Amino acid sequence: MDNINLFSTNTNLLKPVNRGITLLSSRELTKMRRVGQIAANLLNHLETMIKPGVSTQELNDEAECWTKAYGAKNAPLGYAPLNHPPFPRSICTSVNEVVCHGIPNPRQILKDGDIINIDVTPILDGYHGDTSKTFLVGSPSHKAQKLVEVTRECMLRGIAKIKPGARVGDIGAAIAEYAKANGFSVVKEMLGHGIGRQFHCRPEIPHYGQRGKGLKLRPGMVFTVEPILNEGTGNIKFLADGWTAITKDKKLSAQFEHTVAVTNTGVEILTLPR
Ligand code: MF3
Ligand code: CO
Ligand code: CO
């Protein structure tokens, strides 16, 4: 009863107009707000630990402990979509040239000048909240700081396009234009995604596209916007661990992510700390 599936009834043919996308009820949105706040607060908590000398494993372990205290679980642990081995940790930690899905490791120690994306996805009461930020360790180069700031701005500009009747292409176009204007590349392989009871579901949200094109947004749609920008080319490759993605040219990569809901009038960022 929770999930409304929209079908147009003004023709003889029962025509699906939502391409199988689940629209969340207000009761479900309440749960998404709760887990969204847990995700946001977890990320803020982990931020306080970021300094040279800390290992990515310590960040993972603290995330596990913190999440447990709030009665939540971490979706990444054991997550095994098609063609991937089970993810072995509770958060993703992606340092410097790592594009996304970096695996926390006790031998990986943060050092002055690094940038690190931490991506968290707690589950509470069956619902997922997915958010990430890229943090500075000490004082990275001016170029690294610019990459991080532009990536954050790209995410916010994409989110700002979201309202009923807008198109998925409006989001991607806003992101790709701002990235290009600042001399950075968008990683096209990695997409935003529908989220709710499932970690990843439809719709797909590319971080590039054409204004006015693509799926029409409707109130109740919930998805992530999570652009990844590279300092060099947008090309990536995967490590043998089956998860870690890195830049092909080994230059820096940054990412920011929020989980958002389309409202009757615009957009609500569910993973913005309140
Ligand atoms: N949180 C990531 C995303 O934004 C997905 C991580 S999957 C994992 O979609 F298994 F690597 F954790
Ligand atoms: Co995501
Ligand atoms: Co994420």
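Residues numbered from 1 in each chain as written. Chains lettered and ligands numbered in written order. Predicted model: local features only at pLDDT ≥ 70, side-chain atom pairs only at ≥ 80, totals over all residues. Heavy atoms only, no water.

Considerations on the sheet that holds strand β6 (residues 115-120)
Then step 1. Reading across from one edge, β4-β6-β9 is the order of the three strands in this open sheet, with antiparallel pairing throughout. Two strands lie at the open edges of the sheet, namely β4 (92-95) and β9 (131-136), each paired on one side alone. This sheet shows a mean twist of 20° between the axes of neighbouring strands, independent of strand direction.
Then step 2. Here β4 runs beside β6; their pairing, made up of four bridges, is antiparallel. Directly across from T93, in β6, lies its bridge partner I118. (Pairing = 2+ DSSP bridges. Helix = DSSP H or I, 4+ residues; strand = E, 2+ residues; numbered from the N terminus. Axes fitted to C-alpha atoms, helices over the stretch in contact; angles between N-to-C directions.)

With respect to the environment of N44
Then step 1. Of note, N44 is situated in helix α1 (residues 26-47).
Then step 2. Relative accessible area serves as the criterion here: at 28%, N44 is assigned to the partly exposed category.
Then step 3. The spatial distance from the C-alpha of N44 to the C-alpha of V267 is 22 Å, given a sequence separation of 223 residues.
Then step 4. If we ignore the near neighbours within four places in the chain, the residues touching N44 are K133 and P273. (Buried < 20%, exposed > 50% of the residue type's maximum accessible area, 1.4 Å probe, protein only. Contact = heavy atoms within 4.5 Å.)

What about the coordination of the cobalt ion (ligand 2)?
Then step 1. At this site the cobalt ion (ligand 2) is bound by D130 (OD), H193 (NE2), E226 (OE) and E257 (OE), with donor distances of 2.0 to 2.2 Å.
Then step 2. The site at the cobalt ion (ligand 2) holds six donor atoms, and with the angles between them running 51 to 161°, its shape is irregular.
Then step 3. When the donors of the cobalt ion (ligand 2) are listed by position in the chain, the intervening gaps give D-x62-H-x32-E-x30-E.
Then step 4. Separating the cobalt ion (ligand 2) from the cobalt ion (ligand 3) is a gap of 3.3 Å, which D130 spans by donating to each of them. Note that D130 is positioned in the loop between β8 (127-128) and β9 and E257 in the loop between β17 (253-255) and β18 (258-262), a separation of 127 residues in sequence.
Then step 5. The class of D130 is buried, set by a relative accessible area of 2%. (Donors = N, O, S within 2.8 Å, 3.2 Å for Na, K, Ca; no water. Tetrahedral: all angles 85-135°; square planar, octahedral: opposite > 155°, others 65-115°.)

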